[in-house]
Amino acid sequence: MEMRKLGSQGLEVSALGLGCMGMSEFYAGRDDEESAATIHRAIDLGLTFLDTADMYGVGRNEELVGRVVRERREWVVVATKFGNVRGADGSFQGISGRPDYVRQACDASLQRTGLDVIDLYYQHRVDPDVPIEETVGAMAELVSAGKVKYLGLSEAAPETIRRAHAVHPITALQTEYSLWTRDPEEAILPTVRELGIGFVPYSPLGRGFLTGQFRRPEDIPADDYRRDNPRFQGDAFASNLALVTEIETMAQEKGCTAAQLALAWVLAQGDDIVPIPGTKRRRYLEDNIGALDVTLTDDDRARIDRILPPGAATGTRYAAPQMASLGR
């Protein structure tokens, strides 16, 4: 397994990680037994980087990841997040970066996972009502206390990243990045590279759309979050499917799957990038890992740029309320 360095503080992880969110919520078809088997298989295949968050399944995802990881702790880097506040009933109650909440959230995550230390701790979304210096200051205290090893941010604006990094070194920034979400190329990637911060793309397969598994909106289960995502609806769906069809054609010519081609493109954007495609099934995990064997030529990259240049996707990547919490 190829290894990559995240940030400048010594964290090294597998070139591909595993996003665990869908194992517990948002995407249809929860199966804890298959999810646990998928995590075990990932570790067997050399994936050392697992991503979860306290909000996924209102803590259930951390518990699931923790149960598996405790058996194989020496092989795994666990990243989790705080900041999206939810009630016990699953209700969304806003965003918090208050220092007291940071400390409480960390202790709760340690308890749910059963781990002695969190390897990488992200602020999931920036709290506009709390100066980033206060939030990261509290996160730095967790490092000093031995509860956390490395710090990260998610979906933060360039100036926020700079201010945070001045308080305590930020190891990784997690933001959506894929063939149909290339926004970070303009300002985010240059900023983190200037500061020596690693970049962790989530949804590198466009929430599954780039795999070609969805041919019409009705293919999405009724209880699946993607039903309400703007890019999966109406005319946007049809427009985006036309782009994916071209990617599928190219993948067939190269002897790989559309998912592998899409992941290979993200991996090729720099050795400081570690995408975390999410899956809860072993067969998709193994398909994703095959992306590491796909080599893109200059002609391949140019062709992809013609098919999916920045801004080519139709529809925003979240509904309006969620979009408002990005890039703060």
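Residues numbered from 1 in each chain as written. Predicted model: local features only at pLDDT ≥ 70, side-chain atom pairs only at ≥ 80, totals over all residues. Heavy atoms only, no water.

## Section: unusual backbone geometry
At step 1: At Ser203, a position not held by glycine, the phi torsion is positive, near 50°.
At step 2: Its location among the elements puts Ser203 in the loop between strand 11 (198-202) and helix 7 (234-254).
At step 3: With a phi angle near 55°, Arg207 is a residue other than glycine that sits in the positive phi range.
At step 4: Along the chain, Arg207 turns up in the loop between strand 11 and helix 7. (Helix = DSSP H or I, 4+ residues; strand = E, 2+ residues; numbered from the N terminus.)

## Side note on the packing of helix 7 against helix 10 (residues 298-307)
At step 1: In contact at an axis separation of 10 Å, helix 7 and helix 10 are set at 165° when each is read in the N-to-C sense. With respect to helix 10, the element helix 7 is oriented roughly antiparallel. Seen along the crossing, helix 7 lies across helix 10 with a hand that is right-handed. Facing Leu243, Glu246, Ile247, Thr249, Met250, Glu253 and Lys254 of helix 7, the residues of helix 10 in contact are Asp300, Arg303, Ile304 and Ile307.
At step 2: For the contact of helix 7 with helix 10, the class distribution of residues is 5 nonpolar, 1 polar and 5 charged. (Axes fitted to C-alpha atoms, helices over the stretch in contact; angles between N-to-C directions. Parallel < 35°, antiparallel > 145°, perpendicular 65-115°, else oblique. Left-handed = near helix turned anticlockwise from the far one by under 90°. Contact = heavy atoms within 4.5 Å. Nonpolar A, V, L, I, M, F, W, Y, C, P; charged D, E, K, R; others polar.)

## Structural notes on the UniProt feature "domain: NADP-dependent oxidoreductase" (unreviewed entry) in the protein chain
At step 1: Following the UniProt record, the feature "domain: NADP-dependent oxidoreductase" (unreviewed entry) maps to residues 16-307 here.
At step 2: Here residues 16-307 runs as 40% helix and 14% strand, with 24 Å between its end C-alpha atoms. (UniProt positions renumbered as here; feature names shortened; annotations may be inferred.)

## Some thoughts on the packing of helix 1 (residues 32-44) against helix 2 (residues 60-69)
At step 1: Remark: helix 1 packs on helix 2, axes separated minimally by 10 Å, with the N-to-C direction vectors making an angle of 50°. In terms of axis orientation, helix 1 runs oblique to helix 2. Between helix 1 and helix 2 lies a crossing whose hand is right-handed. Only Leu64, Val65, Arg67 and Val68 of helix 2 make contact with helix 1, whose side of the interface consists of Asp32, Ser35, Ala36, Ile39 and His40.

## Considerations on the pattern of salt bridges
At step 1: Under the counting rule described, the total for this entry stands at 26 salt bridges.
At step 2: In this structure, Arg282 engages Glu34 in a salt bridge whose closest nitrogen and oxygen atoms are separated by 2.6 Å. Of this pair, Arg282 sits in helix 9 (residues 282-289) while Glu34 sits in helix 1; the two residues are 248 residues apart in sequence, bridging distant segments of the chain.
At step 3: Relative accessible area serves as the criterion here: at 38%, Arg282 is assigned to the partly exposed category.
At step 4: Using a relative accessible area of 18% as the deciding quantity, one classes Glu34 as buried. (Salt bridge = Lys/Arg side-chain N within 4 Å of Asp/Glu carboxyl O. Buried < 20%, exposed > 50% of the residue type's maximum accessible area, 1.4 Å probe, protein only.)

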